[in-house]
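Examination of the molecular architecture
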Amino acid sequence: RERCAIAQCVSERGLLTCADCPELPCTRLIHFAYDPIWRTHRPVIENLRRIRRIGVEAWLEEQRDYFDDERLRRRWLDLHRECSDLHRQRRRQNPA
């Protein structure tokens, strides 16, 4: 968490999440959400807006319902695995 600029920003502002920030979506969050490799980040901004509208508890209940669906859960996990594989491949090609 110390390396995450977004978490650090939330902490410095004394917020619980980015959903509580009046600057949502900020540049940092936009870059995170639209990372070309990590397509699993794309729903982040809409999720935060949804949390702002309905509250975190209601949003968590929606997420539980979504991931209770085996087909949807597998689709999400497959996408995450694909992104992870692509990330590892890029790191091997361009070591820092």
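Since the structure is predicted, the reported quantities are computational estimates derived from the model, not experimental observations.

Moving on, we get to the overall build of the protein. Helix and strand counts for the protein stand at five helices and zero strands. C-alpha extents for the protein along the principal axes are approximately 40 × 35 × 20 Å. Out of the 96 residues in the protein, the part that is buried amounts to 22%. Contacts in the protein between residues far apart in sequence, at least 24 positions, make up 43% of those at least 6 positions apart.

In this section: the packing of aromatic side chains. Per the stated rule, a full pass over the model turns up one aromatic pair. On the basis of an interplanar angle of 75 degrees and a centroid distance of 4.9 Å, the ring pair of Tyr66 and Phe67 is categorised as edge-to-face. Judged by its relative accessible area of 29%, Tyr66 is partly exposed. Given a relative accessible area of 26%, Phe67 falls into the partly exposed group.

What follows is about the pattern of salt bridges. As enumerated under the stated definition, the model contains five salt bridges in all. Taking the shortest distance from any N to any O, the salt bridge between Glu23 and Arg13 comes out at 3.2 Å. Here Arg13 lies in the loop between helix H1 (5-12) and helix H2 (27-33) and Glu23 lies in the loop between H1 and H2, a separation of 10 residues in the sequence. Using a relative accessible area of 43% as the deciding quantity, one classes Glu23 as partly exposed. The exposure class of Arg13 is partly exposed, given its relative accessible area of 40%. The shortest N-O distance in the salt bridge between Glu62 and Arg50 comes to 2.5 Å. Placement of the pair is Glu62 in helix H4 (residues 56-68) and Arg50 in helix H3 (residues 44-54), with a sequence separation of 12 residues. Here Glu62 falls in the partly exposed class, since its relative accessible area comes to 31%. Classification of Arg50 as partly exposed rests on a relative accessible area of 28%.

If you want to describe how two helices pack, look at the angle between their axes and the distance between the axes. Following both chains from N to C, one finds H3 and H4 inclined at 125 degrees, their axes separated by 7 Å at the closest point. Classified by the angle their axes make, H3 and H4 are oblique. For the pair H3 and H4, the contacting residues are Asn47, Arg50, Ile51 and Ile54 in the first and Val56, Ala58, Trp59, Glu62 and Gln63 in the second. Among the residues making up the contact of H3 with H4, the classes are represented as five nonpolar, two polar and two charged.

Right, let's talk about the confidence of the model for the protein for a bit. Averaged over all residues, the pLDDT of the protein equals 85, while 95% of them reach at least 70. Within the protein, no element has a lower average pLDDT than helix H5 (residues 70-93), which sits at 76, and none a higher one than H3, at 94.

Rules of the game
- Residues numbered from 1 in each chain as written.
- Predicted model: local features only at pLDDT ≥ 70, side-chain atom pairs only at ≥ 80, totals over all residues.
- Heavy atoms only, no water.
- Helix = DSSP H or I, 4+ residues; strand = E, 2+ residues; numbered from the N terminus.
- Buried < 20%, exposed > 50% of the residue type's maximum accessible area, 1.4 Å probe, protein only.
- Contact = heavy atoms within 4.5 Å.
- Phe/Tyr/Trp six-rings, centres within 6.5 Å; stacked < 30°, edge-to-face > 60°.
- Salt bridge = Lys/Arg side-chain N within 4 Å of Asp/Glu carboxyl O.
- Axes fitted to C-alpha atoms, helices over the stretch in contact; angles between N-to-C directions.
- Parallel < 35°, antiparallel > 145°, perpendicular 65-115°, else oblique.
- Nonpolar A, V, L, I, M, F, W, Y, C, P; charged D, E, K, R; others polar.
- pLDDT = per-residue confidence, 0-100.

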